[in-house]
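Analysis of the macromolecular model
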Amino acid sequence: FSQLLKFAENCFRCDSAAFSEQERRCAIMLYYDLYDSAGNYSSIDEMFSDLSSDELFVQEFKEVVSYLRDKCSAFEKEDNSVYKDWSPLRLHGVYTKAQIQAALGLSTMERKSSSREGVERKKDIKLEAMYVDIIKKREEGSMTAYKDYAQNRVFFHWETQNRVREGSREAEAYRNGENNMLLFVRQQVEHPEYGCRMGFTYLGQVTMESMEGSKPMQIVWQLKTPMSEATYAFASQYKAIG
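In this report, we go over the structure that sits alongside the text. (Residues numbered from 1 in each chain as written. Predicted model: local features only at pLDDT ≥ 70, side-chain atom pairs only at ≥ 80, totals over all residues. Heavy atoms only, no water.)

The biggest cluster of nonpolar side chains holds 39 residues, and the ones touching the most others in it are F7, F12, F48, L89, L104 and F184. Among the elements that take part in this core, helix α2 (residues 21-34) stands out by supplying seven residues, more than any other. The contacts of F184, once residues within four sequence positions are left out, are L89, I100, L104, A129, M130, Y131, V132, F200, T201 and Y202. (Core = buried A, V, L, I, M, F, W, Y, C linked by side-chain atoms within 4.5 Å. Buried < 20%, exposed > 50% of the residue type's maximum accessible area, 1.4 Å probe, protein only. Helix = DSSP H or I, 4+ residues; strand = E, 2+ residues; numbered from the N terminus. Contact = heavy atoms within 4.5 Å.)

Here is the structure:
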């Protein structure tokens, strides 16, 4: 929110060539806050030029973002991952999936990530993001009830997708720590009171503590930084609905 306000306080009259990598990625996160698909603009500068032309939008944008920043209850910390030098994500911050994908380069202004799975990889930088719903909405006909939950504030129990078996390429990648694993959790897809989509809390980089079973495999991840009590309160419970 603070970075968005900086953009708006300059009335979006910014030269993206002078942006840091974090600022550039924040601008792409903003793009996906405003648009649901890629390709509406060819560049950040083109988008900012369009936004700056509407003075009423700029004024209302500043008012809304200031209000949201003041209402924000997430106690954010510096990112603890190997990507902290360029990632705009803050540890324990709450983000939509589209924002996460933009921040990590999984989506760009030219191409939106098509991933619908609970894991997403960016092979060139050995990044793997895990998106976990604690309370599941089970697909019709499915008999699977994934057991994803916090054992305590440091250890998180996670089950892989059903296809992952002992000895498989994916299992060995997890066992050998080939990718840098980032964990994002939310209580459930839709807010139980308001009906809107819930955001994911970023729990940072994790390392494997144990792995067992097959199809799915059960992995316990160790957090580098303990999750907050508020996150543990919902992450320590799980069930399937629907």
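So much for the structure itself; the text now carries on.
So, on to the packing of aromatic side chains. Following the criterion strictly, the structure yields 17 aromatic pairs and no others. Between Y35 and Y41 the ring centres are 5.6 Å apart and the planes differ by 70°, which places this aromatic pair in the edge-to-face class. Residue classification places Y41 among the buried positions, given a relative accessible area of 10%. The interplanar angle of 20° and the centroid separation of 4.9 Å between the aromatic rings of F184 and Y202 together place this pair among those described as stacked. Here Y202 lies in strand β8 (residues 200-213) and F184 lies in strand β7 (residues 180-186), a separation of 18 residues in the sequence. Accessibility assignment for this pair places F184 and Y202 in one class, buried. A connected cluster of aromatic rings, assembled from ring pairs, spans F7, F12, F19, F48, F57 and F61. (Phe/Tyr/Trp six-rings, centres within 6.5 Å; stacked < 30°, edge-to-face > 60°.)

With that settled, the discussion passes to the packing of α2 against helix α3 (residues 44-52). In helix packing, the relevant descriptors are the interaxial angle and the interaxial distance, both defined with respect to the helix axes. The geometry of α2 relative to α3 is characterised by a closest axis approach of 11 Å and an angle of 55° between their N-to-C directions. On the basis of their axis angle, the class for α2 and α3 is oblique. α3 is crossed by α2, and the crossing has left-handed handedness. Touching R24, A27, I28, L30, Y31 and L34 of α2 are I44, M47, F48 and L51, all from α3. In terms of residue class, the contact of α2 with α3 is made up of nine nonpolar, no polar and one charged. (Axes fitted to C-alpha atoms, helices over the stretch in contact; angles between N-to-C directions. Parallel < 35°, antiparallel > 145°, perpendicular 65-115°, else oblique. Left-handed = near helix turned anticlockwise from the far one by under 90°. Nonpolar A, V, L, I, M, F, W, Y, C, P; charged D, E, K, R; others polar.)

Orientation of helix α1 (residues 2-9) relative to α2, taken along the N-to-C sense of each, is 85°, at an axis distance of 10 Å. Between α1 and α2, the angle is such that the two are roughly perpendicular. Seen from α1, the contacting residues are Q3, L4 and F7; seen from α2, they are E23, C26, A27 and L30.

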